[in-house]
Amino acid sequence: MSLIEVSPCTPNLGAIITGVDLSKDLSDSDADFLYDALLKHLVLFFHDQHITPEQLSGFASNFGSLQGRHHTYEALEGFEHVTVLDMGPENPPDSAEWHADLTFSQDAAFASVLQGIEIPSVGGDTLWANCFAVHDALPSGLRKDLEGLSAVHDMGSFRSHAYKAGGVDGINERMESVGSAVHPIIDHHPVTGRPFVNVNETFTVHISGMTQPESRRLLNYLFDLINRPQFHVRLRWQPGTIALWDNRGSQHYAVDDYFPERRVMHRVVVESDVRQPNS
Ligand SMILES: O=C(O)CCC(=O)C(=O)O
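Bear in mind that the values here come from a model prediction, so they are computed numbers and not experimental data.

With 14 residues, helix α1 (residues 28-41) extends 20 Å between its outermost C-alpha atoms, agreeing within 8% with the 20 Å of an ideal straight helix rising 1.5 Å per residue. Considered for burial, the residues of α1 that qualify are L34, Y35, L38 and H41. Taken down its axis, α1 places every buried residue within 145° of arc, on the same side. In α1, the exposed positions angled more than 90 degrees off the buried face are occupied by D28, S29 and D36. Positive phi shows up at L42, right after α1, with a value of about 70°.

Spelled out as structure tokens, the structure:
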């Protein structure tokens, strides 16, 4: 029997997990238990887990294969799977906007694990949104219209990094290497089959088959809906807090309200879901 306890944070998403020590290897049954809790609550929070980068990668590997070095952010020396998000006034974050990770890839990431390393004395919270609940809140006529539509995702605001690094050539090169993807606006979770709204204000740039003004108006309507607080959970980080989220149907937003303080996080992205056939 598992000693792990799951305490939901809101009716829509988020749960605090206790009764597990992430510095130790998880048993198969505990890993399965956490996976089921992840599918149900979309984002799981673990406090007081002061684990090493190796243990962080080991924990993430319980759920699938890990992404290699990120195309933009630095990896922790000696740990190519561990991305360092070191943000402050000199290096402001680009994640203070709603996004799901890597939706500019045809196979967007399955999950991410984020660990608080250096946390501002106040601020620097992260919010997650439940896009299944956003889908369920759509007016039924609009939902039907959206069911036939797809949208283009590309590197969105990563353009700023690319421009800073290499001007217009930098943007063109990065666009070529990162690519773009087209996803249905009403997408389905690959395991539960539940429908969710799959557009995000960072990476979704155009609704296929529409003029740009039409597309912009409809996207803005959906972005406003995703931005409503009843679909959110908000995490106050401490050093040693870890969040694990299912990227398929959730979005997140890292609040950039802590300058001149610094905020340092370690992140590991789980590319594919080991429990999902053919993932
Ligand atoms: O730093 C955070 O709280 C979230 C980082 C983020 O947006 C990401 O990992 O995609």
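Moving on to the domain arrangement of the protein chain. We note that the domain assignment places domain 1 (5-120 + 234-271) and domain 2 (131-226) within the protein chain. For domain 1 versus domain 2, the separation of C-alpha centres amounts to 22 Å. On the domain 2 side, the residues contacting the 17 residues of domain 1 number 28 residues. Residues of the side of domain 1 that touches domain 2, tallied by class, amount to four nonpolar, 10 polar and three charged.

In this section: the site of the ligand. Surveying the vicinity of the ligand reveals the residues L85, S95, D101, S112, L114, T126, H252, A254, M265 and R267. Where the shell around the ligand is concerned, the elements lending two or more residues are β7 (111-118), β16 (250-254) and β17 (263-273). In terms of residue class, the shell around the ligand is made up of four nonpolar, four polar and two charged.

Time to look at the pairing of strand β9 (residues 150-153). Residues A151 and H153 point to one face of β9 and are all buried, whereas S150 and V152, pointing to the other face, are not buried. Inspection of the sheet shows β9 paired to strand β10 (residues 181-184) by four bridges, in the antiparallel sense. Bridge pairing in β10 links H153 to A181. Sheet topology places β9 next to strand β13 (residues 204-207); three bridges connect them, and they run antiparallel. Within β13, the residue paired with H153 across the bridge is T204.

Moving on to the nonpolar core. Membership of the largest hydrophobic core comes to 58 residues, with the highest contact counts inside it found for V43, L44, V113, V197, I226, A243 and L244. Split by domain, this core shows at least three residues from each of two domains, domain 1 (5-120 + 234-271) and domain 2 (131-226). Those residues in contact with V113 that sit more than four places away from it in its chain are L56, F59, A60, I242, L244, R267 and V268.

Overall, antiparallel pairing links the three strands, which are arranged β14-β8-β16 in an open sheet. Strand pairing shows two members of the sheet lacking a second neighbour, β14 (232-235) and β16, which therefore form its edges. When strand polarity is set aside, the average angle formed by the axes of neighbouring strands in this sheet is 20°. Both strand β8 (residues 126-130) and β16 contribute to a ladder of five bridges, which runs antiparallel. By the bridge assignment for β16, N130 is matched with S250.

Between F259 and P260 the backbone carries a cis peptide bond, its omega angle lying at 10°. Within the element layout of this structure, P260 appears in the loop between β16 and β17. A positive phi angle, near 55°, is found at D48, a position not held by glycine. Take D48: it is sitting in the loop between β3 (43-46) and α2 (53-61). Classification of D48 by C-beta neighbours within 10 Å gives exposed; the count is 12. The phi angle at L102 is positive, at roughly 60°, despite the residue not being glycine. With respect to the helices, strands and loops of the structure, L102 is situated in the loop between β6 (79-87) and β7.

The rules behind these values
- Residues numbered from 1 in each chain as written.
- Predicted model: local features only at pLDDT ≥ 70, side-chain atom pairs only at ≥ 80, totals over all residues.
- Helix = DSSP H or I, 4+ residues; strand = E, 2+ residues; numbered from the N terminus.
- Expected span 1.5 Å × (residues − 1).
- Buried ≥ 20, exposed ≤ 12 C-beta atoms within 10 Å, placed from the backbone.
- Arc of directions from axis to C-beta.
- Domains from an automatic or database assignment.
- Contact = placed C-beta atoms within 7 Å.
- Nonpolar A, V, L, I, M, F, W, Y, C, P; charged D, E, K, R; others polar.
- Near = placed C-beta within 6 Å.
- Pairing = 2+ DSSP bridges.
- Core = buried A, V, L, I, M, F, W, Y, C linked by C-beta atoms within 7 Å.
- Axes fitted to C-alpha atoms, helices over the stretch in contact; angles between N-to-C directions.

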